[in-house]
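Spelled out from the first residue to the last, the chains are:
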Amino acid sequence: MSDGRTAIVIGGGLVGCASAYYLCRDGWKVTLLERQMIGSGASHGNCGYVCPSHAMPLSGPGVVAHTLPTLFKRDAPLSIPLRFDPGLWKWLLLFTRQCTTDRMMHAAAGRNALLASSMSLYRQIVCEESIDCEWTDRGLLLVYKSAKDFDSYKATAELLKREFDIQAVAYPGEAVKEFEPTLKSGMAGGWHFPADAHVRPDKLLAGFKRAIEQRGGEIRENVEVVTLLRDGKSVASVETSQGPFTADLIVLATGAEAPQFAKAIGCQLPIQPGKGYSLTMRPLKNQPKIPMIFEEHHVAVTPLESGFRVGSTMEFTGYDRSINPKRLALLRKSAAEHLEEPLPETVNEEWAGWRPMSVDGLPCIGRAPAARNLIVAAGNGMIGLATAPATGKLVAEIASEQTPHIDATPYSLSRFA
Ligand SMILES: Cc1cc2nc3c(=O)[nH]c(=O)nc-3n(C[C@H](O)[C@H](O)[C@H](O)COP(=O)(O)OP(=O)(O)OC[C@H]3O[C@@H](n4cnc5c(N)ncnc54)[C@H](O)[C@@H]3O)c2cc1C
């Protein structure tokens, strides 16, 4: 039941949906505005990992030196085609500054808090709201072809255990094939994170949508927010393709597109779209049991009850929605090098989405410097599905000025103001 306070959530991805859900639970009368359909952004075709194992950010000591030589290669998992884009170059410069041990560990602690909280919140939501999203508890397996890479991951596994109590089990050599027999022989080994889980993202979104509506929220699809009009220190009106909307609270959850509202927010958000791809097909005859990341290619496979998904690669090509067949071919190539069974020729869906890549690996969650009634929730990067519930809960806690369930300081926008 609403207690009279009104909120508009902009963006119907997982972060917007989770924010709307927790605001409804806290008694807000919520209207969610989505430009297309729920899940039209990065949240629909991602790999579905609920992965506390992903506490470490992309940035870290040595990352730039290690990645730079591969960056401009066409078939590298990470691709940054050379072009004039001052926003991207600034982002890259800021990213290089994050590559110190202190900053890496600061980001890891913030990510771990969101990931760990989200795992328990998901278990609660999926159960309480009876969400059928093919939730599966089989962990996540990192697979290595190179013995050197497999061995060097030991230091990260030890760090994750020591700092965050995240457990990984090593399967060296052929032991990894015994553990996951659908792999080809000859892998150097694998690291298994037993506490990870996975879901089918579109079904999770459908579950959130139903739960929001059942709790009195209204979802308005095909409404594009054009601008946020400020009156002094608050947003007075949300101008949309369907006319103006007003509310006591505005939540901006437009993923990779959040930076376009910098003027209303009062600071630039260093978020770039990191385009990734996925292919979804019927289940394989010899379907793997465990989701896997083929580490040398950064390609991820997700065995779903209703299908099989291969995803990943990261392209910094700006706000470009096109699907590059060469990137899809890389997904197939990697699967062919690791799995016994070839992928079927025909797939059900070829998909691309923009990961909202913040420069420091931490999302931006907090009140906007220029408008007290505007909360930003964006920049969840490669872990937006895995961190959506805690992000949404934090949004609701900040909105109602409750003590946050985890320390919200690392995500504050003041770090960019
Ligand atoms: C290939 C790939 C695999 C991934 N795998 C995983 C994974 O396994 N686990 C994980 O945790 N994360 C994964 N991610 C990352 C994850 O998908 C994202 O972090 C997450 O979806 C971001 O959610 P969001 O709600 O912030 O943004 P989005 O899902 O992009 O939602 C933003 C929404 O806002 C809407 N919008 C934008 N502008 C406007 C406007 N002006 N007016 C109205 N609406 C607007 C868009 O239409 C969109 O629906 C993956 C991403 C990719 C690309």
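Residues numbered from 1 in each chain as written. Predicted model: local features only at pLDDT ≥ 70, side-chain atom pairs only at ≥ 80, totals over all residues.

Colleague: Help me understand the packing of helix 1 (residues 14–25) against helix 10 (residues 384–399), please; the structure alone is not making it clear to me.
Modeller: The axes of two packed helices give the description: the angle between them and the distance between them. As a packed pair, helix 1 and helix 10 sit with axes 7 Å apart at the nearest point and diverge in direction by 40°. As judged from the angle between their axes, helix 1 and helix 10 are oblique. Like other packed secondary-structure pairs, helix 1 and helix 10 cross with a definite hand, here right-handed. When helix 1 is examined against helix 10, the residues Leu 14, Val 15, Ala 18, Ser 19, Tyr 21, Tyr 22 and Leu 23 are found in contact with a partner set consisting of Gly 384, Leu 385, Ala 388, Pro 389, Thr 391, Gly 392, Lys 393, Val 395, Ala 396 and Ala 399. In terms of residue class, the contact of helix 1 with helix 10 is made up of 12 nonpolar, four polar and one charged. (Axes fitted to C-alpha atoms, helices over the stretch in contact; angles between N-to-C directions. Helix = DSSP H or I, 4+ residues; strand = E, 2+ residues; numbered from the N terminus. Parallel < 35°, antiparallel > 145°, perpendicular 65-115°, else oblique. Left-handed = near helix turned anticlockwise from the far one by under 90°. Contact = placed C-beta atoms within 7 Å. Nonpolar A, V, L, I, M, F, W, Y, C, P; charged D, E, K, R; others polar.)

Colleague: Hey, could you run me through the nonpolar core in this one?
Modeller: General note: in soluble globular proteins, nonpolar side chains tend to be found buried as a group. Within the largest apolar cluster, 115 residues are counted, with the highest numbers of intra-cluster contacts made by Val 251 and Val 376. Filtering out sequence-adjacent residues up to four positions away, Val 251 remains in contact with Ala 7, Val 9, Ile 10, Ser 19, Ile 375, Ala 377 and Val 395. (Core = buried A, V, L, I, M, F, W, Y, C linked by C-beta atoms within 7 Å. Buried ≥ 20, exposed ≤ 12 C-beta atoms within 10 Å, placed from the backbone.)

Colleague: Is there a simple way to think about the pairing of strand 10 (residues 225–231) in this case?
Modeller: A regular strand carries its side chains on alternate faces of the sheet. Strand direction decides the pairing type here: strand 10 and strand 11 (residues 234–240), joined by six bridges, are antiparallel. Its bridge partner lying in strand 11, Arg 230 is registered against Val 235. The turn linking strand 10 back onto strand 11 is made up of two residues, and Gly 232 within it adopts a positive phi angle of 65°. (Pairing = 2+ DSSP bridges.)

Colleague: Please explain the site of the ligand as it appears in this structure.
Modeller: With respect to spatial proximity, 43 residues lie near the ligand, and among them Gly 13, Gly 41, Gly 255, Gly 276 and Gly 384 are the closest. Looking at the shell around the ligand, the elements with two or more residues in it are helix 1, strand 14 (271–281), strand 17 (307–315), strand 18 (349–358) and helix 10. Broken down by class, the residue content of the shell around the ligand amounts to 18 nonpolar, 20 polar and five charged. (Near = placed C-beta within 6 Å.)

Colleague: Mind showing me how you'd approach the environment of Arg 215 here?
Modeller: Following the sequence through the fold, Arg 215 ends up in the loop between helix 7 (201–214) and strand 9 (218–220). Put simply, Arg 215 and Gly 353 are 138 residues apart on the chain and 29 Å apart in space, counted from C-alpha to C-alpha. Once residues within four sequence positions are removed from consideration, Arg 215 is found in contact with Cys 24 and Arg 25.

Colleague: Please clarify how the sheet that holds strand 20 (residues 371–378) should be interpreted in this entry.
Modeller: Hydrogen bonds along the backbone pair up the strands of a sheet, which may run parallel or antiparallel. Pairing in this open sheet of six strands is mixed, and the strands run 9-2-1-13-20-19 from one edge to the other. This sheet does not close on itself; its edge strands, each paired only once, are strand 9 and strand 19 (364–368). When strand polarity is set aside, the average angle formed by the axes of neighbouring strands in this sheet is 20°. Across five bridges, the pairing between strand 19 and strand 20 is antiparallel. Bridge pairing links Ala 368 to Ala 371 in strand 20.

Colleague: How do you make sense of the pairing of strand 2 (residues 29–33) when you look at a structure like this?
Modeller: Note: strand 1 (residues 6–10) against strand 2, five bridges, orientation parallel. Within the sheet, the bridge partner assigned to Thr 6 lies in strand 2 and is Lys 29. Looking at chain direction, strand 2 and strand 9 are connected through three bridges and run parallel. From the neighbouring strand, Leu 32 faces strand 9, where its bridge partner is Ile 219.

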